[in-house]
Each structure stands twice: as C-alpha cells, then as structure tokens.
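Coordinate inspection notes
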Amino acid sequence: LAKTTQPISMDSYEGQEVNITCSHNNIATNDYITWYQQFPSQGPRFIIQGYKTKVTNEVASLFIPADRKSSTLSLPRVSLSDTAVYYCLVPISGTYKYIFGTGTRLKVLA
Amino acid sequence: DSGVTQTPKHLITATGQRVTLRCSPRSGDLSVYWYQQSLDQGLQFLIQYYNGEERAKGNILERFSAQQFPDLHSELNLSSLELGDSALYFCASSALGWGGQETQYFGPGTRLLVL
C-alpha cells in the first residue's frame, strides 16, 4: 500500500532555513517527486520537482537520497509569507495514480 | 495564476442533489486530474483524464463521475450528495499526463457545501 508521510507541523523563525521531509515507500526509478505550497482555501502551488540527488530553483532546493525512499524540501531564509502547508506529491509506482503526502503546516515566527 | 480555471468557486446544495464542477486546463495541456480535499482525508486523487480518455481512477466514489471533452475541459459530476461530500475539489492539468517530468498545475478549487 503506497504511503507518503510528512511531519504534521513545524515552527521556524524568519531568516532560518527550513527542511521538510517526505517519506514515500514505493516510487519507481524515474518517477518525479513534486512539492507544493498551499495557503488556506487556495489551490496547491508548485514549488519544485526532481527525481534524484539535488535540484535547486530560485525559491527552494530538493534533496533525494539514493534509495529514493524520502525527499527533503529545503526553504532557505524563510519569511512570514512562507507560513503555509507544504505537500509532497508522488506517483504510485506502475500506475497513473498519485498520492499526496499528509502535509506539513509550517509556521514562521517573527 | 496557474492558468487552470474552475467554476463555480462556491457551491451550496442539499443532500441527495447532483452538481457539476467544471475545469478548464492550461492552454495546451492534455491531461486533467481531479482531487478532493477534506479536513479528515487530506488531498485525495480522484481521477485522471488524458486527451479525452480516462487514464486512472483513484478514490472516487461510484456516485461521482467525470469526463473530458474534445476541447479538453473537464467536468466532475457528483450525485446523490451526502454531508460527507462537503470538501474542496481541485482540478489540475499537465502537458502529457504520464511519468517523466510532467508537472501538475492546480486550479483555485470549488468549495462544495452539502447541507
């Protein structure tokens, strides 16, 4: 049974780096892991995507270890506006179905 | 703005009724996905369509159905509504709809309240 888990919540202070991990127990070698940010009553917003090692864009980095059983979203120098829920999304191996992580509620404090 | 549009934004209806949610994908995207977000179940994959054909079914109830039309817009039909169907319903679209580096872009959602 495909399962994707994340810590329920995290607190951080402005300017700090935040790392949020997603554990996924069954993804194929070439499957991409995608991370989203969601504000209340809005649709998930794409942050970053990758399938191995490290990916970086202008807002985040994504680290994927060799065993690909987890991935870590890294947000450098968070600000108050980064307070949101963060989700990972992975395909269910061998299908066209997808599973979202349980979501991590990040609260950034001044 | 992701480029995915959904209508209506809000919908209030009664138990036993039927509603239709509409989604227009980003220009050029062939794949449409539907998700349900409720407080106790999180974000759940319901169904995917690719270029008019159903590609995958997730946790979609038999009372729910969907289709993708030739112009690629999609509709999610919810019938015999129950209180527990109250949720946010999101549509997403992607260019291809298969593995590889395809990214799902989400619409703003439709909030359904069943009374």
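The following refers to the structure shown. (Residues numbered from 1 in each chain as written. Chains lettered and ligands numbered in written order. Predicted model: local features only at pLDDT ≥ 70, side-chain atom pairs only at ≥ 80, totals over all residues. Heavy atoms only, no water.)

For the rest of this paragraph, the subject is the overall build of chain A. When helices and strands are tallied, chain A shows zero helices and 11 strands. When its helices and strands are written in sequence order, chain A yields β-β-β-β-β-β-β-β-β-β-β. For 110 residues, the compact-globule formula gives about 13 Å, and the C-alpha radius of gyration of chain A, at 13 Å, lands near that figure. Each principal axis of the C-alpha distribution contributes one length, and for chain A these read about 45 × 30 × 20 Å. Approximately 5,700 Å² of chain A is accessible, and the part contributed by carbon and sulfur atoms is 51%. For chain A, the distance from the average site of its 10 positive side-chain charges to the average site of its 7 negative ones is 8 Å. (Helix = DSSP H or I, 4+ residues; strand = E, 2+ residues; numbered from the N terminus. Rg over C-alpha atoms; globule rule 2.2 N^0.38 Å. Areas by Shrake-Rupley, 256 points an atom, 1.4 Å probe, with all protein chains shown as cover. Lys, Arg positive; Asp, Glu negative; His and termini not counted. Charge placed at Lys NZ, Arg CZ, Asp CG, Glu CD.)

Interfaces are frequently sized by the accessible area removed from exposure as the parts join. Counting residues at the interface gives 16 residues for chain A, matched by 23 residues for chain B. Counting the surface lost from both chain A and chain B, the interface buries some 1,700 Å², and carbon and sulfur atoms represent 57% of this. By the criterion of area lost to chain B, the three top residues of chain A are Tyr-96, Tyr-98 and Phe-100 of chain A, representing 37% of everything that side buries. Taken together, the links from chain A to chain B amount to zero salt bridges. The tally of links from chain A across to chain B stands at six residue pairs in polar contact (both at pLDDT 80 or more). Elements with a minimum of two residues in the side of chain A that touches chain B: β4 (33-38), β5 (45-50), β9 (84-91) and β10 (98-100) of chain A. In terms of residue class, the side of chain A that touches chain B is built from nine nonpolar, six polar and one charged. (Contact = heavy atoms within 4.5 Å. Buried area = accessible area lost by both parts, 1.4 Å probe. Salt bridge = Lys/Arg side-chain N within 4 Å of Asp/Glu carboxyl O. Polar contact = N/O pair within 3.5 Å; in protein donor to acceptor, adjacent residues only side chain to side chain. Nonpolar A, V, L, I, M, F, W, Y, C, P; charged D, E, K, R; others polar.)

We now examine the pairing of β5 of chain A. Residues and elements named next belong to chain A. Across five bridges, the pairing between β4 and β5 is antiparallel. In the strand pairing of β5, Tyr-36 is matched with Phe-46. Between the antiparallel neighbours β4 and β5 lie six residues, among them Ser-41 with a positive phi of about 60°. (Pairing = 2+ DSSP bridges.)

Residue and element names in this part refer to chain B. The tally for this structure, following the rule as stated, stands at three salt bridges over all chains. Across the salt bridge formed by Asp-29 and Arg-26, the nearest N and O atoms sit 2.8 Å from each other. Among the residues examined, Arg-26 registers a relative accessible area of 24% and is labelled partly exposed. A single salt-bridge network, built from bridges that share partners, covers Arg-63, Glu-82 and Asp-85. (Buried < 20%, exposed > 50% of the residue type's maximum accessible area, 1.4 Å probe, protein only.)

So, about the layout of surface pockets. One number sums up the size of the largest pocket: a volume of about 620 Å³. Lining the largest pocket are 25 residues, and of these Gln-38, Tyr-87 and Arg-105 of chain A together with Gln-37 and Leu-39 of chain B lie nearest its centre. Only β9 and β11 (104-109) of chain A together with β4 (31-38), β9 (87-94) and β11 (110-114) of chain B provide two or more residues apiece to the lining of the largest pocket. Broken down by element, the lining of the largest pocket gets its largest block of residues, four residues, from β11 of chain A. Grouping the constituent residues of the lining of the largest pocket by class yields 12 nonpolar, 10 polar and three charged. The computed volume of the second largest pocket comes to approximately 450 Å³. (1 Å grid on protein atoms, 1.4 Å probe; cavity = no way out; pocket = protein on both sides within 12 Å on 5 of 7 lines; lining within 4 Å. Points joined across faces, edges and corners; volume = space filled by probe spheres on them.)

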